[in-house]
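Remarks on the overall topology
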Amino acid sequence: MKVTEHLANAKGNTLVSFEVLPPLKGKTIESLYNHLDPLIEFKPAWINVTYHRAETMFRKRGDGSFEKVEVRKRPGTVGICAALRNHYNVDTVPHLICGGFNKQETENALVDLNFLGIDNVLVLRGDAEKNEPSFAPHAGGHGYAIDLLKQVVNLNNGIYLEEDVQNEARTNFCIGVAGYPEKHFEAPNLENDLQYLKEKVDAGADYIMTQMFFDNQKFFRFQDACRSVGIKVPIIPGLKPITTRKQLTVLPRIFHVDIPADLCKAVMQAKTDADVETVGTEWLIAQSRELKAAGVPVLHYYTLGKPRIIHNVVKATM
Ligand code: FAD
């Protein structure tokens, strides 16, 4: 079932959904089931599975020289989506990215998803490779999420890349896009970012899923700003707990989000790692309760190796 159908069926009640990463190459699918098992009792409306582009690395040869190799550390997004559907009978939302793929590969991935009966995608641009100064599109690939989105919309209308494709079966994807309550880090300002977000919605995005945030007021202001520029689709808040002191510097650096002063102070005053987890859990419970009371359609949790904490948060909220 599509994300939009879940939202319509909820009739205004707040749903819960989770996001997982594919296991590192070499790990089993059971490691993912072990991660998700404690969370399934909350009957998530769907589970998102992230996509990870290949990284360029230099591997030392026997003679001491180096060879350049492409390594995908977390492959398997499409297969994992199918496996989770079979294992838990839950809908899944694969992330699709522009970075590292050409349009043909993207079309083939969409055909695979369609054959598997997966009718949701979250379309994203992806980030630059670690050794790149800024994002560069793959040869024959897309430069912005909106270009990828248009390819999915085309396929929903039976328009394939090759003009001579016979039969032209239409896909039926529900399409989500990313939004940034604290603006995307490359955008010169929030207004500019919102214009591009509106273009994605006007081009066919069915809903927006946000970057994590730790201050609900930023989400509420973003939601108002979206509505004021005519964005009418559902906006789903993305939520993540603080679980270590290190995250106070790592999260702003990687995800370009602010940590509120009160949260920062409480984490700094925590005496043990367990105390930090308690602070982060209580903060996320408070965030979740306020968002639910404000009538958000879904609470979407980035579980990222912390299922026990997410379990405690959802239990205290829903
Ligand atoms: P875009 O919408 O293309 O925007 C990128 C930047 O370009 C923005 O600054 C925007 O303002 C600007 N822009 C947009 N359109 C145009 C245009 N036409 N002309 C000029 N400027 C434009 N990354 C992964 O690799 N894998 C994942 O699974 C993944 N999941 C994510 C899930 C969520 C909910 C979020 C919020 C992010 C996720 N990301 C993921 C990270 C994401 O790929 C990065 O944040 C990336 O830098 C931007 O992606 P986007 O889809 O927002 O890009």
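A brief look at the structure comes next. (Residues numbered from 1 in each chain as written. Predicted model: local features only at pLDDT ≥ 70, side-chain atom pairs only at ≥ 80, totals over all residues. Heavy atoms only, no water.)

1. Structural notes on the nonpolar core
Leu84, Val121 and Tyr301 are the most contacted members of the largest nonpolar core, which has 59 residues in total. Examining the composition of this core, we find that six residues originate from one element, helix 3 (residues 77-88), more than from any other. In this view, Val121 contacts Val93, Pro94, Leu96, Leu110, Leu113, Val152, Phe173, Cys174, Ile175, Gly176 and Tyr207; residues no more than four positions away in its chain are not counted. In terms of nonpolar packing, the next biggest core, distinct from the first, is built from 17 residues, Ala10, Phe101, Leu124 and Met209 among them. (Core = buried A, V, L, I, M, F, W, Y, C linked by side-chain atoms within 4.5 Å. Buried < 20%, exposed > 50% of the residue type's maximum accessible area, 1.4 Å probe, protein only. Helix = DSSP H or I, 4+ residues; strand = E, 2+ residues; numbered from the N terminus. Contact = heavy atoms within 4.5 Å.)

2. Digging into the layout of surface pockets
Approximately 160 Å³ is the volume found for the second largest pocket. If you trace the second largest pocket, you find 13 residues lining it, with Arg53, Glu70, Gly100, Glu129 and His138 closest to the centre. Taken together, the residues of the lining of the second largest pocket sort by class into four nonpolar, three polar and six charged. (1 Å grid on protein atoms, 1.4 Å probe; cavity = no way out; pocket = protein on both sides within 12 Å on 5 of 7 lines; lining within 4 Å. Points joined across faces, edges and corners; volume = space filled by probe spheres on them. Nonpolar A, V, L, I, M, F, W, Y, C, P; charged D, E, K, R; others polar.)

3. Overview of empty space enclosed by the protein
Rolled over the atoms, a probe with the dimensions of a water molecule shows which regions are left empty. Overall, the coordinates contain one cavity of 30 Å³ or more when judged by the stated rule. Space inside the largest cavity adds up to approximately 30 Å³. The residue makeup of the lining of the largest cavity, split by class, is five nonpolar, two polar and two charged.

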